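These are the residues of each chain, in order.
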Amino acid sequence: MPIPGQHPEAAELRTHLQRQLPDYMVPSSYVTLDQLPLTPNGKVDTKALPAPDHHRPELATTYTAPRNSTEEIVAGVWSDVLGVDTVGIHDNFFELGGQSISAVRLVSRLREAGLGVALQQIVRHPTVAQLSAALDVPQSASSRLVVLLSPAADPELPILFCVHPGGGSTHPYRALARCLAGRFTVYGVQAPGLNADEAPLVGIESIADRYWREIRRVQPAGPCTILGWSTGAVIAHAMGAQAQKRWPACSCWSRR
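Quick look at the structure, then.

The rules behind each value
- Once a new chain begins, its residue numbering starts again from 1 and follows that chain's sequence as written.
- Given that the model is predicted, a residue must reach a pLDDT of at least 70 before its local features are reported, and side-chain atom pairs must reach 80 or more before they are shown or counted; all residues, however, enter totals for whole chains, interfaces and linings.
- As a rule here, side-chain values come from all non-hydrogen atoms in the structure, and water together with hydrogens is ignored.
- Paired rings are identified among Phe, Tyr and Trp, the last through its six-membered ring, by centres lying within 6.5 Å, and are further divided according to the angle between planes into stacked (under 30 degrees), edge-to-face (over 60) and tilted (the rest).
- Going along the chain from the N terminus, every DSSP run of H or I of four or more residues is numbered as a helix, and every run of E of two or more is numbered as a strand.
- Relative accessibility decides the category of a residue: with a 1.4 Å probe and only protein chains considered, values under 20% of the type maximum give buried, values over 50% give exposed, and everything between is partly exposed.
- Should DSSP find at least two bridges between two strands, the strands are taken to pair.
- Axes here mean lines fitted to C-alpha atoms, for a helix over just the part in contact, with angles spanning 0 to 180 degrees between N-to-C directions.
- Helix span, as expected, comes to 1.5 Å for every residue beyond the first.
- Pairs of residues are marked as contacts when any of their non-hydrogen atoms sit within 4.5 Å.
- Throughout this description, a polar contact denotes any pair of N or O atoms lying within 3.5 Å of each other; where both atoms belong to protein, one of them has to be capable of donating a hydrogen while the other can accept it, and for residues adjacent in sequence the pair is counted only when both atoms sit in side chains.

**Examining the packing of aromatic side chains**
Phase 1: Counting across every chain of the model gives two aromatic pairs.
Phase 2: Seen in terms of ring centroids, Trp78 and Phe93 are 5.3 Å apart; in terms of plane orientation they differ by 65°. Their pairing is edge-to-face. On the criterion of sequence distance, the pair formed by Trp78 in helix H2 (residues 69–82) and Phe93 in the loop between H2 and helix H3 (100–112) is long-range, its members being 15 residues apart. Of the two residues, Trp78 and Phe93, both sit in the buried class.
Phase 3: Centre to centre, the rings of Phe161 and Tyr187 are 5.7 Å apart; their planes meet at 20°, and the pair counts as stacked. Of this pair, Phe161 sits in strand E2 (residues 159–163) while Tyr187 sits in strand E3 (residues 185–189); the two residues are 26 residues apart in sequence, bridging distant segments of the chain. Of the two residues, Phe161 and Tyr187, neither departs from the other in class, the shared state being buried.

Here it is, written out as structure tokens:
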């Protein structure tokens, strides 16, 4: 319910909320009401709230129809999983209401449709056009763990590596990457067990060792800034301890 005299667009509301909330809490649909329905005791009557429609929400991107069969399949599956009637090839999966659970469902449905998609590809290529193009590009297992979360890699900016929390996905760091745009190039380090063709690692030392090797593929030399949240903080701390053993001359600090 907007302030009288103000009529914000859905895209404006979404941009504002993305600065305040984590991605999974940003609504995908918006309904304008003149007033909230109330129960006799003055509380919001949730049963009387109108259900949002399934039309494509207002986005910053203009709708563009699929251009080939792969994009048609991907867009169709996105439409079913997200409950949106129309999906353009430049629409962002997460801006349409996607989150970690629906991303897992999306991967399963795309595989049923004959498209070999890994979960981290949804994070790395969040539009229909990007994902469809990436399906034709082979990836080595070693390149799958470090995911670019910033809009683009800027060689002029320092690099921040964010180690995944307990679920193994780097999706929770997308909001942070947006906030740090122009200050850091942000990469996420995700768990190898997210790939169907690679078993998860066992033991904190093995995990820390593998992640160091993957990070050095992206940043072979120079200082590294590593951040971890939840389980990721434990892994990042272990990585710092390994760094001091491998490179005695280096200085490490951590804050938990």
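**Things to note about the sheet that holds E3**
Phase 1: Strand order in this open sheet of four strands is E1-E3-E2-E4, and the pairing throughout is mixed. Each end of this open sheet is capped by a strand with a single partner; those strands are strand E1 (146–148) and strand E4 (225–228). The average undirected angle you get between the axes of adjacent strands in this sheet is 30°.
Phase 2: The sheet contact formed by E1 and E3 spans three bridges and is antiparallel. Note on E3: the bridge partner recorded for Leu148 is Tyr187.

**With respect to H2**
Phase 1: Spanning 14 residues, H2 covers 20 Å between terminal C-alpha atoms, matching the ideal 20 Å at 1.5 Å per step.
Phase 2: All of the buried residues in H2 are Glu71, Val74, Ala75, Val77, Trp78, Ser79, Val81 and Leu82.
Phase 3: For H2, the elements touching its buried residues are H3 and helix H5 (128–134).
Phase 4: Of the residues that open H2, the one with a side-chain oxygen 3.2 Å from the backbone nitrogen of Thr70 is Asn68.

No statement about biological role is implied by the geometric values presented.
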